[in-house]
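The lines below spell out each chain.
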Amino acid sequence: MSASVAALSAFLVTNSRGDLLVSRTFRDDVSTRTCAEAFRTQIVATKVVDRCPVKQVGSVSFMFIQTDNVYVVAVSRQNVNVTAVLEVLHRTVKIFKSYFNNMFNEQIAKDNFILIYELLDEILDFGIPQNLEVDVLKQFISHEGRTIDIHASQQVTIDATGVVGWRPTGLFYKKNEIFIDILEDVNVLMSTKGQVLTADVSGKVIM
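Just so we're clear, the structure is a prediction, and the values are computed from it rather than from any experiment.

(A) Region of interest: the overall build of the protein. Within the protein one finds seven helices and nine strands. Counting across all 207 residues of the protein, residues that qualify as buried make up 35%. Here the contacts in the protein between residues at least 6 apart in sequence split such that 49% fall between residues at least 24 apart. Taken as a whole, the protein presents about 12,900 Å² of accessible surface, with 51% of it coming from carbon and sulfur.

Below is the structure:
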């Protein structure tokens, strides 16, 4: 994920009018205040948000999604993979909702901005997606303080930095098996003389 997204310059959360609620700057190539103002005046005010989730203003790209009455915005000056960035935004909102009773709106953002900043520090590192697994994040970020012994904290570090973040280390099964069906279609178009005009093979894998 991180290799395809490249690096984001800033992350914003605004209300439905474009007023800034939460912001995190990762690189010094953009100004948070300038970006927030550009998003409000040139995207929200002009109703671009209702037509397309991507807008370039000058040399800055804005990628955004709406949930309830807030916009979650990624800002970048680089040529990033837009699809991957939108996936990061959706998964970030999913993480927020997992902490706030499956809701994320303007009032929640105002009341819980400290927790949101803590989550953003773990989700994005220098603008690059780092940890998007809810179960791993909840091991060391919560609404209330908790006591973690040294062995548990070491395990959290291993889980958070493992190859597969959502799979605990040291997990083994007696049988590592998976059963799939592979369906293939072969299409051939031939002339009356037996010459192959076109040929293709299509298929799908069914779990």
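We are not done yet, so read on.
(B) Quick look at the packing of helix 3 (residues 82–99) against helix 5 (residues 113–123). Closest axis-to-axis distance for the helix 3/helix 5 pair is 11 Å, and the angle between their directions is 140°. Taken as axis vectors, helix 3 and helix 5 run oblique relative to one another. The chirality of how helix 3 crosses helix 5 is right-handed. Along its contact with helix 3, which presents Thr92, Ile95, Phe96 and Tyr99, the element helix 5 presents Leu115, Ile116, Leu119, Leu120 and Ile123. Taken together, the residues of the contact of helix 3 with helix 5 sort by class into eight nonpolar, one polar and no charged.

(C) Fine view of a nonpolar patch on the surface. A contiguous nonpolar patch, built from Ile178, Ile180, Ile182, Val205 and Met207 and spanning about 550 Å² of accessible area, is present on the exposed surface. Note on placement: isoleucine 182 falls in strand 8 (residues 181–190).

(D) Expanded view of the pairing of strand 1 (residues 10–15). A large share of strand 1 lies buried, amounting to six of its six residues. Residues Ala10, Leu12 and Thr14 of strand 1 are buried on one face, and the alternating residues Phe11, Val13 and Asn15, pointing to the opposite face, are buried as well. Connecting strand 1 to the antiparallel partner strand 2 (residues 20–25) that follows it, the hairpin turn spans four residues, and glycine 18 within it adopts a positive phi of roughly 95°. Here strand 1 pairs with strand 5 (residues 70–76) via six bridges, running antiparallel. Looking across to strand 5, one finds that threonine 14 is bridged to tyrosine 71.

(E) Quick peek at the pattern of salt bridges. One pass over the full model with this rule turns up five salt bridges. The partner of arginine 40 in a salt bridge is glutamate 37, with the nearest N and O atoms 2.6 Å apart. In this pair, arginine 40 and glutamate 37 both sit in helix 2 (residues 32–44), three residues apart, roughly one turn of the helix. The partly exposed category is assigned to arginine 40, whose relative accessible area is 31%. The exposure class assigned to glutamate 37 is partly exposed, which follows from its relative accessible area of 38%. Close ionic contact of glutamate 106 with lysine 110 constitutes a salt bridge, the shortest N to O distance being 3.1 Å.

(F) The sheet that holds strand 2, seen in detail. Spatially, 2-1-5-4-3 is the arrangement adopted by the five strands of the open sheet, whose pairing is antiparallel. Bordering the open sheet on either side are strand 2 and strand 3 (54–57), each of which pairs with just one other strand. The sheet shows a mean angle of 20° between the axes of neighbouring strands, direction not considered. Inspection of the sheet shows strand 3 paired to strand 4 (residues 60–67) by four bridges, in the antiparallel sense. Considered in strand 4, the bridge of valine 54 is made with methionine 63. Across the sheet, helix 2 lies against strand 1, strand 2, strand 3, strand 4 and strand 5, angled at about 65° from strand 4, the strand it touches most. Along the sheet face, helix 3 touches strand 1, strand 3, strand 4 and strand 5 and points at about 40° away from the line of strand 4.

(G) Expanded view of helix 2. Buried within helix 2 we find Thr32, Cys35, Ala36, Ala38, Phe39, Ile43 and Val44. Contacts made by the buried residues of helix 2 are with strand 1, strand 2, strand 3, strand 4 and strand 5.

Basis of the calculations
Residues numbered from 1 in each chain as written. Predicted model: local features only at pLDDT ≥ 70, side-chain atom pairs only at ≥ 80, totals over all residues. Heavy atoms only, no water. Helix = DSSP H or I, 4+ residues; strand = E, 2+ residues; numbered from the N terminus. Buried < 20%, exposed > 50% of the residue type's maximum accessible area, 1.4 Å probe, protein only. Contact = heavy atoms within 4.5 Å. Areas by Shrake-Rupley, 256 points an atom, 1.4 Å probe, with all protein chains shown as cover. Axes fitted to C-alpha atoms, helices over the stretch in contact; angles between N-to-C directions. Parallel < 35°, antiparallel > 145°, perpendicular 65-115°, else oblique. Left-handed = near helix turned anticlockwise from the far one by under 90°. Nonpolar A, V, L, I, M, F, W, Y, C, P; charged D, E, K, R; others polar. Patch = residues over 30% accessible without salt bridge, like charges linked within 9 Å, V, L, I, M, F, W, Y side chains within 5 Å. Salt bridge = Lys/Arg side-chain N within 4 Å of Asp/Glu carboxyl O. Pairing = 2+ DSSP bridges.

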